[in-house]
Amino acid sequence: MNPCTRANNCGQNEHVNHHDEILEILCSGQFERLLDRAESQHLDFKLRWDLESRRDVRSMAADVAALANGGGGIIVLGVRAQQDPAARVERAAEVAGLPPDSTVTGERLTKLIAQHCVPLVHVEYTTHEGLCDGRSIVLGSLVVNAQDPLHSPVLAQRLVDPDDARVSDALGWPVRHGDGTEWVPAPRLQQLISTGLSIERHLARLGSRSDAESLDATTNESPGLAILDRVTSGPQLIVGSS
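Residues numbered from 1 in each chain as written. Predicted model: local features only at pLDDT ≥ 70, side-chain atom pairs only at ≥ 80, totals over all residues. Heavy atoms only, no water.

A. Region of interest: the sheet that holds strand 6 (residues 123-132). Taken together, the four strands give an open sheet; going across it, the order is 1-2-7-6, and neighbouring strands pair in mixed fashion. In this open sheet, the two edge strands, each paired with only one partner strand, are strand 1 (43-46) and strand 6. Taking the axes of each pair of neighbouring strands and ignoring which way they run, one obtains an average angle of 20° across the sheet. Direction of pairing for strand 1 relative to strand 2 (residues 73-77): parallel, over a ladder of four bridges. In the sheet register, Asp44 faces strand 2, and the bridge partner there is Ile75. Across the sheet, helix 3 (residues 54-69) is in contact with strand 1, strand 2, strand 6 and strand 7 (135-144); its angle to strand 2 comes to roughly 150°. Contacts between helix 4 (residues 106-116) and the sheet are confined to strand 6 and strand 7, with strand 6 contributing the most and set at about 140° to the helix. (Pairing = 2+ DSSP bridges. Helix = DSSP H or I, 4+ residues; strand = E, 2+ residues; numbered from the N terminus. Axes fitted to C-alpha atoms, helices over the stretch in contact; angles between N-to-C directions. Contact = heavy atoms within 4.5 Å.)

Encoded structure:
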């Protein structure tokens, strides 16, 4: 679906409505309306991505996976964000536009996300022409769909050391915390994996997954999913940062 068409649809959730408002601004070309907008769990501003840089690609994949894990969102490319000390959030401070030599294309993004995120995340990249302070500029928008709970969480490749640009097969679980992307720390991952294995052993003892799921027919979800949902919900999931 064309994002400019999608922006005319009314969402049921607050973040969907916010998402649609941003798309409406982009599709209208009135980019000055983005200024002073605060980033959020579902909105991220990026000045630029260099898709020839391994570091930028890994950072992009982490942001995409975190948005997918958090219910979806949008990344606006070509906008510089600046910290607002009073509100403790970053706000759009400059609408700079994409540079003429930008390496970002929808095809490249889709391919790189498929290479660096597991499982597949559905995204849609669009460029928008408009004006800001009388200048004609181009911005990009990357719409990240919410991940299907049956195929969650989305993991992303990450650098083992923030100062080490070597390619690594290490995977992490990125999540959104406020207006930023953070990684679920190793002890929390171990706890979740252990809980999941315990659930699987419990289901195996019951004889079959279908029989086990019937035990929680009143909520229409498997006991395993229900327990994992309780374990992974709440602010305790997001502690520490990369």
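B. Just the sheet that holds strand 5 (residues 117-118), in detail. Across the sheet, three strands lie side by side as 5-8-9; this open sheet has antiparallel pairing. Every other strand in the sheet has two partners, leaving strand 5 and strand 9 (171-172) as the edge strands with one partner each. Pairing analysis gives two bridges linking strand 8 (residues 155-157) to strand 9, with the strands arranged antiparallel. Paired with Gln157 across the bridge in strand 9 is Leu171. Set on the sheet, helix 3 makes contact with strand 5 and strand 8; between it and strand 8 the angle comes to about 175°.

C. Up close: the pairing of strand 2. When you tally the buried positions in strand 2, you get five out of five residues, the bulk of the element. Residues Gly73, Ile75 and Leu77 line one face of strand 2 and the alternating positions Ile74 and Val76 line the opposite face, and both faces are buried. A crossover connection joins strand 1 to the parallel strand 2 through helix 3; in handedness this β-α-β unit is right-handed. Bridge count between strand 2 and strand 7: five bridges; the pairing is antiparallel. When the bridges of strand 7 are listed, Gly73 appears paired with Val144. (Buried < 20%, exposed > 50% of the residue type's maximum accessible area, 1.4 Å probe, protein only. Right-handed = clockwise from strand over helix to strand, strands pointing away.)

D. View of the environment of Arg188. By the element assignment, Arg188 lies in helix 5 (residues 186-206). Under the relative-accessibility criterion, Arg188 is labelled buried at 10%. A polar side-chain atom of Arg188 sits 2.4 Å from a polar atom in the side chain of Gln191. (Polar contact = N/O pair within 3.5 Å; in protein donor to acceptor, adjacent residues only side chain to side chain.)

E. Spatial organisation of the pattern of salt bridges. Across all of its chains, the model carries eight salt bridges by this definition. Residues Asp44 and Lys46 are paired through a salt bridge, measuring 3.6 Å at the closest nitrogen-oxygen approach. Residue class for Asp44 comes out buried when judged on its relative accessible area of 3%. A salt bridge links Arg176 to Asp44; its shortest N-O distance comes to 3.4 Å. Of this pair, Arg176 sits in strand 10 (residues 174-177) while Asp44 sits in strand 1, and the two are 132 residues apart along the sequence. The network of salt bridges with common partners includes Asp44, Lys46, Asp63 and Arg176. (Salt bridge = Lys/Arg side-chain N within 4 Å of Asp/Glu carboxyl O.)

F. Spotlight on the confidence of the model for the chain. For the chain, the mean per-residue pLDDT works out to 79, and 70% of the residues sit at or above 70. Scored below 50 in pLDDT, residues 5-13 shows 17 contacts in the model against residues more than four places distant or in partner chains. pLDDT under 50 marks residues 208-242. Its contacts with residues more than four places away, or in other chains, come to 49 contacts. (pLDDT = per-residue confidence, 0-100.)

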